[in-house]
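Commentary on secondary and tertiary structure
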Amino acid sequence: MQEKTNKIFQYVVNSNAAPFFSDTDSGFIEAKDPMEALEKIVKDYKHPAGLFSAVVKEPSPENPVLARYLSARAATQEAGGTGWHERKKDGLYVNDKKIPEQNEMYELVKDD
């Protein structure tokens, strides 16, 4: 069995709002595949407000997303859909309806 060689991937990360908007950062990372790259990015992320979301992209002119991470907060927001979003002490409400808290999510969007 032949071992996979490392590839270069592009990434984009967004912090949780700190306090009014997210900080965005991007760069390049070496890994065997998009999920390994994503797991490294999430594990090594350092920001006082924490990680909201991350994507790993193919560094090409098309720049497709290969993998993505949503924190529990981001996954809950996505599950809420469209409408008036309001964060209260006990969670997220969309159009005055409480949205159940979701777990963090790792997703392979497209195999490299």
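Since this is a predicted model, take the numbers as computed values, not measurements. (Residues numbered from 1 in each chain as written. Predicted model: local features only at pLDDT ≥ 70, side-chain atom pairs only at ≥ 80, totals over all residues. Heavy atoms only, no water.)

On to unusual backbone geometry, then. Positive phi is not limited to glycine here, since N63 has a value of about 55°. If you check the backbone angles, N95 has positive phi at about 50° while not being a glycine. Looking at the secondary structure, you find N95 in the loop between β6 (91–94) and β7 (97–98). By relative accessible area, which is 49% here, N95 ends up partly exposed. (Helix = DSSP H or I, 4+ residues; strand = E, 2+ residues; numbered from the N terminus. Buried < 20%, exposed > 50% of the residue type's maximum accessible area, 1.4 Å probe, protein only.)

Below, the discussion takes up the packing of aromatic side chains. Scanning the model with the defined rule gives one aromatic pair in all. The cationic tip of K88 hangs over the ring face of Y93; the distance from NZ or CZ to the ring centre is 4.3 Å. (Phe/Tyr/Trp six-rings, centres within 6.5 Å; stacked < 30°, edge-to-face > 60°. Lys NZ or Arg CZ within 6 Å of the ring centre and 35° of its normal.)

Counted according to the given criterion, the structure contains three salt bridges. The closest approach of N and O atoms between E78 and R68, which form a salt bridge, is 3.1 Å. Here the residue E78 occupies a position in helix α2 (residues 72–79), and R68 occupies one in strand β4 (residues 65–70), the gap between them amounting to 10 residues. Across the salt bridge formed by E107 and R68, the nearest N and O atoms sit 2.5 Å from each other. (Salt bridge = Lys/Arg side-chain N within 4 Å of Asp/Glu carboxyl O.)

Before going further, it helps to spend a moment on helix α1 (residues 34–44). Taken residue by residue, α1 has P34, M35, A37, L38, I41 and V42 as its buried positions. One face of α1 carries all of its buried residues, which in axial projection span an arc of 160°. One side-chain oxygen of the residue at the start of α1 lies 3.2 Å from the amide nitrogen of M35, identifying that residue as D33. (Arc of directions from axis to C-beta. Polar contact = N/O pair within 3.5 Å; in protein donor to acceptor, adjacent residues only side chain to side chain.)

Right, let's talk about the sheet that holds strand β1 (residues 7–15) for a bit. Read across the open sheet, the five strands follow the order β2-β1-β3-β4-β8; overall the sheet is antiparallel. In this open sheet, the two edge strands, each paired with only one partner strand, are β2 (24–31) and β8 (105–108). Shown here is a sheet whose adjacent strand axes are inclined to one another by a mean of 20°, direction ignored. Taken together, the six bridges between β1 and strand β3 (residues 51–57) define a ladder with antiparallel strand orientation. Bridge assignment links Q10 to a residue of β3, and that residue is K57. Across the face of the sheet, α2 comes into contact with β3, β4 and β8 while running at roughly 100° to β4. (Pairing = 2+ DSSP bridges. Axes fitted to C-alpha atoms, helices over the stretch in contact; angles between N-to-C directions. Contact = heavy atoms within 4.5 Å.)

As a further point, take the nonpolar core. With 17 residues, the main nonpolar core has F9, V13, L38, I41 and V56 as its most contacted residues. Ranked by the residues each element gives to this core, the list is headed by α1, at five residues. With residues up to four places along the chain from it excluded, the contact list for I41 reads Y11, V13, I29, A54 and V56. (Core = buried A, V, L, I, M, F, W, Y, C linked by side-chain atoms within 4.5 Å.)

Note on sheets: strands pair through backbone hydrogen bonds, and any given pair is parallel or antiparallel. Sheet architecture is open: three strands sit in the order β5-β6-β7, paired in antiparallel fashion. This sheet does not close on itself; its edge strands, each paired only once, are β5 (85–88) and β7.

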